[in-house]
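Overview (structure and organization)
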Amino acid sequence: MRTTMSTTMTEEQQGIFPAVCPLDCPDQCGLLLHKEDGKIVKIEGDPEHPVTQGAICNKVRNMTARIYDDKRLQYPLKRVGPKGEEASFEQISWDEALNTITSRWKELIASEGPESILPYSFYGNMGRIGTEGMDRRFFHRMGASRLMYSICESAGTEGYKYTMGGSYGTDPEDTVNAKLIIMWGINAVSTNMHQVMLAEKARKNGAQIIVIDAHKNQTGRWADWFIPILPGTDAALALGMMHILFNEGMTDEDFLQQYTLGYEELREHVKQYDPASVSAITGVPVVDIYRLARLYGETSPAFIRIGNGIQHHDNGGMCVRTIACLPALTGQWLHPGGGAIKGNGAYLEHNLPALQRPDLRTKSARLINMNLLGSALLELDPPIHALYVYNSNPALVAPHANKVKAGLVREDLFTVVHDLFLTETAKYADIVLPATSSFENTDFYRSYWHHYVHLQLPVIAPYGESKANVDVFRLLAAKMGYEDEALRDSDEDMVRQALDHPGNPALADISYDALLETGFMKAATLPLFPGKLRTPSGKIELYSADMASKGFPALPTYVPLAETSDLPFMFIPAPNHNFLNSTFAHNEKHVRMEKMPKLHMHNNDASALGLASGDTARVWNERGECELVVMAGRDVQRGVVVSQGLWADTQGGKTRVNVLTPDRVADMGGGATFFSGRVGVEKLSGA
Ligand SMILES: Nc1nc2c(c(=O)[nH]1)N[C@H]1C(S)=C(S)[C@@H](COP(=O)(O)OP(=O)(O)OC[C@H]3O[C@@H](n4cnc5c(=O)[nH]c(N)nc54)[C@H](O)[C@@H]3O)O[C@H]1N2
Ligand SMILES: Nc1nc2c(c(=O)[nH]1)N[C@H]1C(S)=C(S)[C@@H](COP(=O)(O)OP(=O)(O)OC[C@H]3O[C@@H](n4cnc5c(=O)[nH]c(N)nc54)[C@H](O)[C@@H]3O)O[C@H]1N2
Ligand code: SF4
Ligand SMILES: [Mo]
């Protein structure tokens, strides 16, 4: 029997307890944790969750293997010996760890100033008080350098915002009504499985599913129609569709007139994107461009799921900005289930200032783009002298990994890593702190895809001596002598403060107390149309004066990728099915489920290099080299190679793909350009 949530769940030795998946995945599933003898023995989906409906992915079904992994950290550690792969560590007490950290920080603040300290974090656990609560308060109070959180979706989010005013899209629950679904640059079977389940329902009611991707992976294979496209050219395809929609009278003129700005300018502008020119850019045949545009123009509701794949490119922001214009042309926003989702985070926006307390910062500080961590550690002046990493594993996930490594290995850099495992980054730390898992913490969660807010209360006791992020920052604050009330707030206080947000009426009914009753709640649905968007004009901005003022073309435009190398292959190192970024890369069970790091390439490219499936290839460029097992076939076009997963160096091999990725920043949001790099490939050894 499922038990309702309570603050005493940790004391119960058995039962079935409600929970939420903490991982950085749009689905944010409701979970049920089965407990026996005080331990979680089974994780399953919560059938009562309206969106995720009891289905969860295999990686989280197997999450107990991670929570109780022998390698999980239990005690604070200090490094003895060199930084890096050869490092060894000794157990120390929390008191010694905290004293070492704070005495070093106090010295640095006195001699170099607080900006010499850099916090580095991301969303290894999506709980908001742990990722953007007490930590932010603490580093604001300290006056530390600020981190730009740009590694994931920032280019696309900024691009989408120019068109739509913020991360507002279709309610995914409505997408069962769609008659045409376009998965655009998203490997949804792996990365958004419940959007796939909803699309399956729509398909039973006659919907057609199109996937546009540079790689025919399992999502492409599931499609009714897979459209392969050359990487970085999607904006041109969208503009070619607009060209045909205007030319063939398939636009919704009433919608354009009432709800958009600049449609006459756009009509003129897209004349240059004729199907023949677009075909030459994208590699999509002219007949397919016509077929796609006509299907889109004739079908309602038509829904586009805009993935993160297209925005991890030099031109990613503009690409998303452009695709986001499509639904307006045929008025899809008025048809339930039509429209688009890039992200839906804005509907659930909580009270950021109340949670993060930027007012605790008394002096402004430099902002450091997390995609440039290597440069920040090696080149900034005045230098960074201390790094505090939590909720992230930059040695594996950040671009240009060899540069990051050169920064991390600096003898004069004082590094602290707080994590559940001795990650690649932790091996460079002076002090390593053990972190609790989300099921040991109190926090609230809000999806960036569906419209639900969840509360998590601790279900199991902390593992060993591990501590939650929030607790560590409270302790650090006390040792630093920071006496502010805000640095002593309880978990519950912080959840309450964050959810009390008069600025977002959609959260009006959602509070800590209400969530305690129900576990999860849907934000109120406030229709976008009719209404006023948060763009400068209040309308969908097909023409954006704001963009023009920032030096971008005001109208959606195809901007080719930067020409930075003449190596023969575009390299797309995407996520895999059984890891979540680098999470699970340290857990044997998940590594076994994923088997090995592969390199997908076209048959003809492989044979020209004397490579066959199963051979090991050396993949290289000016930044580094990697060894991957070749999978030759027809899943990618010639001139493109694709790998999946952020592997640690498995089986002693060189399998960290980020040694190859560029640390150029995208056109918008300081975004990452993981997929815009080029590589050479050569045979290393036979199968
Ligand atoms: N199983 C699993 N799920 C995850 C994650 C994970 O690591 N594993 N990570 C989570 C996170 S943090 C995120 S941000 C999301 C990311 O998940 P998605 O939004 O699916 O984005 P990616 O997987 O990065 O890329 C999606 C697809 O874009 C394709 N692609 C690359 N370049 C281009 C291009 O120029 N044009 C087109 N049309 N396609 C292109 C790739 O081949 C890939 O299939 O997934 C989340 N969910
Ligand atoms: N080549 C390539 N690189 C990529 C991507 C790609 O597609 N290709 N995707 C990029 C994207 S979209 C993203 S979002 C980033 C993700 O980058 P990260 O957010 O760094 O993702 P994870 O690898 O999941 O790392 C999270 C770390 O947080 C730890 N952790 C989990 N819970 C807690 C906690 O409660 N407290 C503390 N202190 N630690 C915790 C985990 O153990 C793990 O080591 O990677 C990026 N890197
Ligand atoms: S990783 Fe995604 S699909 Fe898997 S359980 Fe978590 S939220 Fe659900
Ligand atoms: Mo991400």
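Along each chain, residue indices are assigned from 1 in the same order as the chain's sequence is written. Chain labels run from A onward and ligand labels from 1 onward, assigned in the order the entries are written. Only residues with pLDDT of at least 70 are given local features in this predicted model, and only at 80 or more are side-chain atom pairs given and counted; all residues enter the totals for whole chains, interfaces and linings. Neither water nor hydrogens contribute to the side-chain values; these are computed over all heavy atoms in the structure.

**Side note on the overall build of the chain**
- When you go through the chain residue by residue, the secondary structure sums to 26 helices and 27 strands.
- In terms of principal-axis extent, the alpha carbons of the chain reach across some 70 × 60 × 50 Å.
- Only protein chains enter the accessibility calculation, which uses a 1.4 Å probe; a residue whose area is less than 20% of its type maximum is buried, one above 50% is exposed, and one in between is partly exposed. A burial count over the chain gives 63% of its 687 residues as buried.
- The criterion used for residue contact is that any of the two residues' heavy atoms lie within 4.5 Å. Looking at the chain alone, contacts between residues at least 24 apart form 75% of all its contacts between residues at least 6 apart.
- To be clear on the numbers: accessible area is Shrake-Rupley with a 1.4 Å probe, and residue cover counts the displayed protein chains and nothing else. Of the accessible surface of the chain, which amounts to about 24300 Å², a share of 51% is contributed by carbon and sulfur atoms.
- The charge count treats Lys and Arg as positive and Asp and Glu as negative. His and the chain ends do not count. The atom standing in for a charge is NZ when the residue is Lys, CZ when it is Arg, CG when it is Asp and CD when it is Glu. Between the mean site of the 65 positive side-chain charges and the mean site of the 81 negative ones, the chain shows a separation of 2 Å. Strands here mean DSSP runs of E at least two residues long; helices mean DSSP runs of H or I at least four residues long; both are numbered from the N terminus.

**Here we look at the sheet that holds strand E20 (residues 520-522)**
- When DSSP finds two or more bridges between two strands, those strands count as paired. Taken in spatial order, the three strands line up as E18-E19-E20 in an open sheet, and their pairing is antiparallel. Edge positions in the open sheet fall to strand E18 (443-446) and E20, since each of these has one partner strand only. Neighbour-to-neighbour, the strand axes of the sheet open up by a mean angle of 15 degrees, direction not taken into account.
- As paired elements, strand E19 (residues 452-456) and E20 share three bridges and run antiparallel to each other. Pairing of His454 across the sheet is with Phe520, part of E20. Note on geometry: axes are lines fitted to C-alpha atoms, helical ones only across the stretch in contact, with angles between N-to-C directions running from 0 to 180 degrees.

**What about the sheet that holds strand E17 (residues 431-434)?**
- Strand order across the open sheet formed by six strands is E5-E4-E17-E16-E15-E6, with mixed pairing between neighbours. Every other strand in the sheet has two partners, leaving strand E5 (88-91) and strand E6 (117-121) as the edge strands with one partner each. Averaged over neighbouring strand pairs, the angle between their axes works out to 20 degrees when direction is ignored.
- Of the pairings in the sheet, the one linking strand E4 (residues 77-80) to E17 comprises two bridges and is antiparallel in character. Residue pairing for E17: Leu77 is matched across the bridge by Val432.

**Things to note about the site of ligand 3**
- Neighbouring residues are identified by heavy atoms, a residue being near a molecule or strand if any of them is within 4 Å of it. What surrounds ligand 3 is the set Cys21, Cys25, Asp27, Gln28, Cys29, Ile56, Cys57, Lys59, Val60 and Met193.
- Here the nonpolar group is Ala, Val, Leu, Ile, Met, Phe, Trp, Tyr, Cys and Pro; Asp, Glu, Lys and Arg are the charged ones; every other residue, Gly included, is treated as polar. Of the residues assigned to the shell around ligand 3, the class counts are seven nonpolar, one polar and two charged.

**A short note on the site of ligand 1**
- Near ligand 1 you find 31 residues, and of these Asp213, Gly232, Asp234, Phe579 and Asn581 are the closest.
- In protein, a polar contact requires one atom able to donate a hydrogen and another able to accept it; more generally it is a pair of N or O atoms within 3.5 Å, and residues adjacent in sequence count only if both atoms are side-chain atoms. Within the side chain of Asp213, a nitrogen or oxygen atom sits 2.6 Å from an oxygen atom of ligand 1.
- The separation between an oxygen atom of ligand 1 and a polar main-chain atom of Gly309 is 3.4 Å.
- Burial of ligand 1 by the protein amounts to 96% of the accessible area it has alone, namely 910 Å².
- Those elements giving two or more residues to the shell around ligand 1 turn out to be helix H7 (188-191) and strand E9 (208-213).
- Residue composition of the shell around ligand 1, grouped by class: 13 nonpolar, 14 polar and four charged.

**Let's talk about the state of the cysteines**
- Two cysteine sulfur atoms make up a disulfide if the distance between them is within 2.5 Å. Within the structure shown, the criterion is met by zero disulfides.
- In this structure Cys319 is not part of a disulfide, and its nearest cysteine sulfur, from Cys325, lies 11 Å away.
- Residue classification places Cys319 among the buried positions, given a relative accessible area of 3%.

**So, the packing of helix H10 (residues 234-247) against helix H15 (residues 316-323)**
- Between H10 and H15, whose axes approach to 8 Å, the crossing angle comes to 25 degrees. Taken together, the axis directions place H10 and H15 in an arrangement best described as roughly parallel. In this structure, H10 meets H15 at a crossing whose hand is left-handed. Between H10, through Asp234, Ala235, Ala238, Leu239 and Met242, and H15, the contact on the second element is made entirely by Cys319, Thr322 and Ile323.
- Considered class by class, the residues forming the contact of H10 with H15 number six nonpolar, one polar and one charged. Orientation categories follow fixed angle ranges, with anything under 35 degrees roughly parallel, anything over 145 roughly antiparallel, 65 to 115 roughly perpendicular, and all other angles oblique. By convention the crossing between two helices is left-handed if the near helix lies anticlockwise of the far one by an angle smaller than a right angle, and right-handed if it lies clockwise.

**Thoughts on the nonpolar core**
- Each nonpolar core is a collection of buried residues, namely Ala, Val, Leu, Ile, Met, Phe, Trp, Tyr and Cys, held together in the definition by side-chain atoms within 4.5 Å. In this structure, Trp105, Phe138, Phe139, Trp184, Tyr388 and Phe439 are the most contacted members of the largest nonpolar core, which totals 131 residues.
- If one sorts the elements of this core by residue count, H10 sits on top with ten residues.
- Once you skip the residues sitting within four places of it in the chain, Trp105 turns out to touch Ile117, Phe138, Phe139, Met142, Ala386, Tyr388, Phe414, Leu476 and Met480.
- Formed by 65 residues, the second largest nonpolar core is a distinct cluster that contains Leu118, Val417, Phe674 and Phe675.

**Section: the domain arrangement of the chain**
- Note that the domain bounds reflect an automated or database-derived domain assignment. As assigned here, the chain comprises domain 1 (15-67), domain 2 (77-151 + 348-522), domain 3 (173-342) and domain 4 (569-683).
- The distance between the C-alpha centroids of domain 3 and domain 4 comes to 27 Å.
- Across the boundary between the two partners, domain 3 contributes 22 residues, which contact 19 residues of domain 4.
- Note on definitions: buried area is the accessible-area loss of two parts on being combined, 1.4 Å probe, summed for both. When domain 3 packs against domain 4, close to 1700 Å² is buried across both sides, 52% of that on carbon and sulfur atoms.

**Some details on the pairing of strand E24 (residues 616-621)**
- Pairing of E24 with strand E25 (residues 624-633) involves six bridges; the strand directions are antiparallel. Along E25, the bridge assignment pairs Val619 with Cys626.
- Linking E24 to E25, which pair antiparallel, is a turn of two residues.
- Sheet analysis places E24 next to strand E27 (residues 677-685), joined by five bridges and oriented antiparallel. Bridging across to E27, Trp620 finds its partner in Gly680.

**Remarks on the packing of aromatic side chains**
- Only centres within 6.5 Å qualify two rings of Phe, Tyr or Trp (six-membered ring in Trp) as a pair; their planes then separate them into stacked at under 30 degrees, edge-to-face at over 60, and tilted for everything else. Applying the stated rule across the entire model yields 22 aromatic pairs.
- Here the aromatic rings of Phe139 and Tyr388 are separated by 5.9 Å at their centres, their planes lie at 55 degrees, and the arrangement is tilted. With a gap of 249 residues between them, Phe139 in helix H5 (residues 134-142) and Tyr388 in strand E15 (residues 386-390) connect regions that are remote in the sequence. Per residue, the accessibility class of Phe139 equals that of Tyr388, and both read buried.
- Ring centres of Tyr162 and Phe552 lie 6.1 Å apart, and the angle between their planes is 55 degrees; on these two criteria the pair is classed as tilted.

**Regarding the environment of Thr8**
- Mapped onto the elements of the fold, Thr8 is located in the segment before strand E1 (15-20).
- Thr8 sits 414 residues away from Leu422 along the chain, and the two C-alpha atoms are 31 Å apart.

**Observations concerning the side chain of His194**
- Looking at the element boundaries, His194 is found in helix H8 (residues 193-204).
- Reaching out from His194, the side chain makes a polar contact with the side chain of Asp27 at a distance of 2.6 Å.
- When neighbours within four sequence positions are excluded, His194 is seen to be in contact with Asp27, Cys29, Val51, Thr52, Ala55 and Trp449.

**Examining the pairing of E27**
- With three bridges connecting them, strand E22 (residues 569-574) and E27 associate as antiparallel partners. By the bridge assignment for E27, Phe571 is matched with Gly677.

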